Amino acid sequence: VQLQASGGGLVQAGGSLRLSCAASGRTFSRYPMGWFRQAPGKEREFVATISGSGGITYYADSVNGRFTISRDNAKNTVYLQMNSLKPEDTAVYYCAADKTEYFGPARRVTDYDYWGQGTQVTVSS
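All residue numbers refer to positions counted from 1 along the written sequence of the respective chain. In keeping with the predicted nature of the model, local features appear solely for residues at pLDDT of at least 70, side-chain atom pairs appear and are counted solely at 80 or more, and the whole-chain, interface and lining totals rest on all residues. With hydrogens and water set aside, each side-chain value is computed from the structure's full complement of heavy atoms.

**Here we look at the overall build of the protein chain**
In step 1: Each helix is a run of DSSP H or I of at least 4 residues and each strand a run of E of at least 2, with the numbering of both proceeding from the N terminus. Counting its regular elements, the protein chain contains zero helices and 11 strands.
In step 2: Counting from the amino terminus, the protein chain carries its helices and strands in the arrangement β-β-β-β-β-β-β-β-β-β-β.
In step 3: In terms of its C-alpha atoms, the protein chain occupies a principal-axis envelope of roughly 40 × 25 × 25 Å.
In step 4: Each of the 125 residues in the protein chain was classed as buried or not, and the buried ones make up 44%.
In step 5: The criterion used for residue contact is that any of the two residues' heavy atoms lie within 4.5 Å. In the protein chain, the proportion of contacts linking residues at least 24 apart, taken out of those at least 6 apart, comes to 58%.
In step 6: Throughout, the Shrake-Rupley method with a 1.4 Å probe supplies accessible areas, and for residues the shown protein chains are the sole cover considered. On the protein chain, roughly 6,200 Å² of surface is accessible, and the fraction owed to carbon and sulfur atoms is 45%. The classification of residues rests on relative accessible area computed with a 1.4 Å probe and restricted to protein chains. Under 20% of the type maximum is buried, over 50% is exposed, and intermediate values are partly exposed.

**A short note on the packing of aromatic side chains**
In step 1: Two rings from Phe, Tyr or Trp (for Trp, the six-membered ring) form a pair when their centres are within 6.5 Å of each other. A pair whose planes differ by under 30 degrees is stacked, one over 60 is edge-to-face, and the rest are tilted. Enumeration over the complete set of coordinates arrives at five aromatic pairs.
In step 2: Seen from their ring centres, Phe46 and Tyr58 are 6.1 Å apart, and the 35° between their planes marks the pair as tilted. In this pair, Phe46 sits in strand S5 (residues 45–50) while Tyr58 sits in strand S6 (residues 57–59), placing the two residues 12 residues apart along the sequence.
In step 3: A connected cluster of aromatic rings, assembled from ring pairs, spans Phe36, Phe46, Tyr58, Tyr112 and Trp115.
In step 4: By definition, being over a ring means that NZ of Lys or CZ of Arg is both within 6 Å of the ring centre and within 35 degrees of the ring normal. The ring of Tyr94 has Arg44 sitting right over it, with the charged end atom 3.7 Å from the ring centre.
In step 5: Between the NZ or CZ atom of Arg44 and the centre of the ring of Trp115, over which it lies, the distance is 4.9 Å.

**Observations regarding the side chain of Ser51**
In step 1: Within the secondary structure layout, Ser51 lies in the loop between S5 and S6.
In step 2: If we skip the residues at most four places from it in the chain, Ser51 touches Pro32, Ile56, Arg71 and Phe103.

Written out as structure tokens, the structure is:
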């Protein structure tokens, strides 16, 4: 399985970005997908996850109401729309594929077995 994340960049506080993650190598629609982020000097933390069908989502409290995860199974792609960005959202963002087809929701790094390369998001104040 290969995951390719893109869409990061530099944005001012209050702005928006949309991240994309293109997947290949496994039946994409059967597995939940997640987004995590890692700021310098901090552990990788859960951001959001979405079920295989796209019908169920779950968010970290810190982004709930500002970020939206979605997926297009026809394109084997998962997205993270980020609105009302804050400087504390600055991090490298990673997409990941769940180990199982079951939607937990999976919030631990160890729940995922394939990871994208990460894309940098920087929010200036």
